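# Fold and contact review
One letter stands for each residue in the lines below.
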Amino acid sequence: MSSVTNGFTVKSHFENKDASVQKIYDGLLKSAKKFGPVNEAPKKTSIHLMNQTAFAGVATRKCALVLTIKSDRKLLSPRIHKSEQTSANRFHHEVKLTSPAEVDAELVQWLKDAYALSA
């Protein structure tokens, strides 16, 4: 967790946040690393999870995470609170996570698909 990019650290994103936010992130990272190497790239307002390119973005909130997942199609799920088509074959989907239990099979499959797109 010592990644530093432009003076921003992964650790700094979890300062003054509920402990559950770190646990959710740890679950996401552990799941994503099952697909292969994952580079954490902390930015000013989020942490990018990278394969060759970013496949997900994590924005921390006081009691939750907002996860943005890259996709090649529109995902239809009540869990997704915002979707944006960024190009002909790319979408970004936002999911708000408030519990480590929300890092479930469905979410991990979305991450796996996103990871493959970023190879």
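Now for a look at the structure at hand. These numbers come from a predicted model, not from an experiment. (Residues numbered from 1 in each chain as written. Predicted model: local features only at pLDDT ≥ 70, side-chain atom pairs only at ≥ 80, totals over all residues. Heavy atoms only, no water.)

## A short note on the pattern of salt bridges
Counted by the stated rule, this structure contains 5 salt bridges. Across the salt bridge formed by Asp72 and Arg73, the nearest N and O atoms sit 3.2 Å from each other. In this structure, Arg73 engages Asp113 in a salt bridge whose closest nitrogen and oxygen atoms are separated by 3.3 Å. Of this pair, Arg73 sits in the loop between strand S6 (65-71) and strand S7 (80-87) while Asp113 sits in helix H2 (residues 105-117), and the two are 40 residues apart along the sequence. By relative accessible area, Arg73 is classed as partly exposed at 38%. Where salt bridges share partners, they join Asp72, Arg73 and Asp113 into one cluster. (Salt bridge = Lys/Arg side-chain N within 4 Å of Asp/Glu carboxyl O. Helix = DSSP H or I, 4+ residues; strand = E, 2+ residues; numbered from the N terminus. Buried < 20%, exposed > 50% of the residue type's maximum accessible area, 1.4 Å probe, protein only.)

## Some thoughts on the nonpolar core
In globular proteins that are soluble, nonpolar side chains generally tend to be buried together. One finds Tyr25, Leu28, Leu49, Phe55, Leu67 and Leu107 to be the most contacted residues of the largest nonpolar core, which totals 27 residues. For this core, the secondary structure elements donating two or more residues are helix H1 (19-32), strand S4 (47-50), strand S5 (54-60), S6, strand S8 (90-97) and H2. Counting residues per element, this core draws most heavily on H1, at 6 residues. (Core = buried A, V, L, I, M, F, W, Y, C linked by side-chain atoms within 4.5 Å.)

## Digging into the pairing of S8
As paired elements, S6 and S8 share 7 bridges and run antiparallel to each other. When the sheet's bridge partners are listed, Ser71 is paired in S8 with Phe91. Bridging between S7 and S8 involves 6 bridges; their strand directions are antiparallel. Considered in S8, the bridge of Ser87 is made with Arg90. Once S7 ends, the chain turns through 2 residues before running back antiparallel as S8. (Pairing = 2+ DSSP bridges.)

## Thoughts on the environment of Gly57
Relative to the helices and strands, Gly57 resides in strand S5. Among the residues examined, Gly57 registers a relative accessible area of 12% and is labelled buried. Each C-alpha atom, one on Gly57 and one on Pro42, is 9.5 Å from the other, the two residues being 15 residues apart in sequence. Those residues in contact with Gly57, other than ones at most four positions away along the chain, are Ile47, His48, Val66, Leu67 and Thr68. (Contact = heavy atoms within 4.5 Å.)

## Some points on the sheet that holds S5
Pairing is antiparallel across the open sheet formed by 6 strands, whose spatial order is S3-S4-S5-S6-S8-S7. Strand pairing shows two members of the sheet lacking a second neighbour, strand S3 (39-42) and S7, which therefore form its edges. Across the sheet, the mean angle from the axis of one strand to that of its neighbour is 20 degrees, orientation sign disregarded. Where H1 meets the sheet, it contacts S3, S4, S5, S6 and S8, and its direction lies at approximately 25 degrees from that of S6. Seen against the sheet, H2 touches S5, S6, S7 and S8 and runs at an angle of roughly 50 degrees to S6. (Axes fitted to C-alpha atoms, helices over the stretch in contact; angles between N-to-C directions.)

By themselves, these figures tell us nothing about what the structure is for.
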